[in-house]
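Descriptive analysis of the structure
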Amino acid sequence: MMLAAHSVSASFADAGGVAIQALQDVSASFAPGQLTAVVGPSGSGKTTLLHALAGIVVPQQGRILFGEVELNRLSEGRRDAWRLAHCGMVFQDFRLIDELDALANVLLPAQFSRLHLPTTLRQRGMELLARFELPQRAGPVARLSRGEQQRVALARALLLDPPILLADEPTASLDADNGQRIAAALQDIARQGKTVVTVTHDERLSARADQVLTMKSGRVLS
Ligand SMILES: Nc1ncnc2c1ncn2[C@@H]1O[C@H](COP(=O)(O)OP(=O)(O)OP(=O)(O)O)[C@@H](O)[C@H]1O
Ligand SMILES: [Mg+2]
């Protein structure tokens, strides 16, 4: 199913109540099987676009569509349920639970929807950690390096095998080798038919994209 933004505008009020226009009349389509890179300077609206596609930010104008579902018309509860079922998210600031270990963090999305965790999901969680070469070590993720935390965040996003992956600068904290590996993994995931949208400043990643959206001052230039 196609994910699309139609003439989306979103603004935030700053501390003084003045509106900051984060997205201005943004239209873009994201097809299954396609890797999209969103690039542009700091403050240009990249994260806001990703959050709008996930139903975290609700635009004041325009529509976010996934197939027939018009996200911006759903209640917050329904958007949360939709996101859990359809979106894997890698946040720019990871949003891991510091006190939990890597596996517990990866398994978090499953805990929201199930009382008892099937062993197959636990197995998948461990496989994802191994795939991204993370140590199966106990202990809080707060003690892991930033690069390790970033890969835990990606493993968590993939746990439920979502049709949409939204990743905000997922290689920003990685060394050259790991960056290449994660860029290749994101491309693979797209090749498997998923819709992958990634914000990035990383040439290794944008070079693999099928579509590059360049943002400036809340608008998509190309
Ligand atoms: N929750 C918020 N409240 C107020 N202003 C916000 C909020 N989120 C974003 N903004 C503002 O909207 C604009 C776009 O922010 P956004 O985070 O989307 O930029 P970005 O392109 O992701 O930047 P970066 O590369 O630094 O992550 C900025 O001016 C930012 O200050
Ligand atoms: Mg950002």
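Per an unreviewed UniProt entry, the recorded name for the protein is Putative ABC transport system ATP-binding protein, and the organism is Roseateles toxinivorans. Taken from UniProt, the Sequence similarities (unreviewed entry) comment for the protein reads in full: "Belongs to the ABC transporter superfamily."

Attention now goes to the overall build of the protein. Secondary structure assignment for the protein yields 7 helices and 10 strands. When its C-alpha atoms are laid out on the principal axes, the protein stretches across 45 × 40 × 40 Å. By the burial criterion, 50% of the 222 residues in the protein qualify as buried. The contacts of the protein with a sequence gap of at least 6 include a subset with a gap of at least 24, amounting to 69%.

Each protein donor to the magnesium ion (ligand 2) is listed here as Thr47 (OG1) and Gln92 (OE1); together their distances run 2.0 to 2.4 Å. Here Thr47, found in helix α1 (residues 46–53), pairs with Gln92, found in the loop between β6 (87–90) and α3 (102–113); they are 45 residues apart in sequence, far enough to count as distant. Owing to a relative accessible area of 41%, Gln92 belongs among the partly exposed residues under this scheme.

It is worth spelling out the site of ligand 1 at this point. Among the 14 residues in the neighbourhood of ligand 1, the closest are listed as Ser42, Gly43, Lys46, Thr47 and Thr48. One of the backbone N or O atoms of Ser44 is found 3.2 Å from an oxygen atom in ligand 1. Separating an oxygen atom of ligand 1 from a side-chain N or O atom of Lys46 is a distance of 2.7 Å. Compared with its free state, where it exposes 630 Å², ligand 1 has 64% of that area covered by protein. Counting residues per element, the ones that place at least two in the shell around ligand 1 are β2 (19–30) and α1. Of the residues forming the shell around ligand 1, the biggest block, 3 residues, is contributed by α1.

Turning our eyes to something else, we now look at the environment of Ala138. Of note, Ala138 is situated in the loop between α4 (119–131) and α5 (146–158). We classify Ala138 as exposed; its relative accessible area is 64%.

This part is about the pattern of salt bridges. Counted under the stated rule, the structure contains 8 salt bridges. When the shortest N-O distance is used, the salt bridge between Asp80 and Arg83 registers 3.1 Å. With Asp80 and Arg83 both in helix α2 (residues 76–86) and 3 residues apart, this pair spans about one turn of that helix. Look at Arg83 and you get buried, because its relative accessible area is 16%. Where Glu133 meets Arg181, a salt bridge forms, and the shortest distance between an N and an O atom there is 3.2 Å. Of this pair, Glu133 sits in the loop between α4 and α5 while Arg181 sits in helix α6 (residues 176–191); the two residues are 48 residues apart in sequence, bridging distant segments of the chain. Residue classification places Arg181 among the partly exposed residues on the basis of a relative accessible area of 35%. Each member of the salt-bridge network shares a partner with another, and the members are Arg63, Glu70 and Arg73.

Our focus in this paragraph is the side chain of Arg79. Note that Arg79 resides in helix α2. Of the side chains with opposite charge, Glu76 lies nearest to the buried Arg79, which makes no salt bridge, at 4.9 Å. In contact with Arg79, other than residues within four places in its own chain, are Gly55, Val58, Leu71 and Leu74.

Among the nonpolar cores identified, the biggest contains 36 residues, and Leu129, Phe132, Val152, Leu154, Leu165 and Leu186 are the most heavily contacted of them. At the level of secondary structure, the elements contributing two or more residues to this core comprise β3 (35–39), α3, α4, α5, β7 (164–168) and α6. Phe132 has contacts with Arg151, Leu154, Ala155, Leu158, Ile182 and Ala185, leaving out every residue within four places of it along the chain. Counting 28 residues, the second largest nonpolar core, distinct from the first, contains Leu53, Leu71, Leu166 and Met215.

What counts, and at which threshold
- Residues numbered from 1 in each chain as written.
- Chains lettered and ligands numbered in written order.
- Predicted model: local features only at pLDDT ≥ 70, side-chain atom pairs only at ≥ 80, totals over all residues.
- Heavy atoms only, no water.
- UniProt positions renumbered as here; feature names shortened; annotations may be inferred.
- Helix = DSSP H or I, 4+ residues; strand = E, 2+ residues; numbered from the N terminus.
- Buried < 20%, exposed > 50% of the residue type's maximum accessible area, 1.4 Å probe, protein only.
- Contact = heavy atoms within 4.5 Å.
- Donors = N, O, S within 2.8 Å, 3.2 Å for Na, K, Ca; no water.
- Near = heavy atom within 4 Å.
- Polar contact = N/O pair within 3.5 Å; in protein donor to acceptor, adjacent residues only side chain to side chain.
- Areas by Shrake-Rupley, 256 points an atom, 1.4 Å probe, with all protein chains shown as cover.
- Salt bridge = Lys/Arg side-chain N within 4 Å of Asp/Glu carboxyl O.
- Lys, Arg positive; Asp, Glu negative; His and termini not counted.
- Core = buried A, V, L, I, M, F, W, Y, C linked by side-chain atoms within 4.5 Å.

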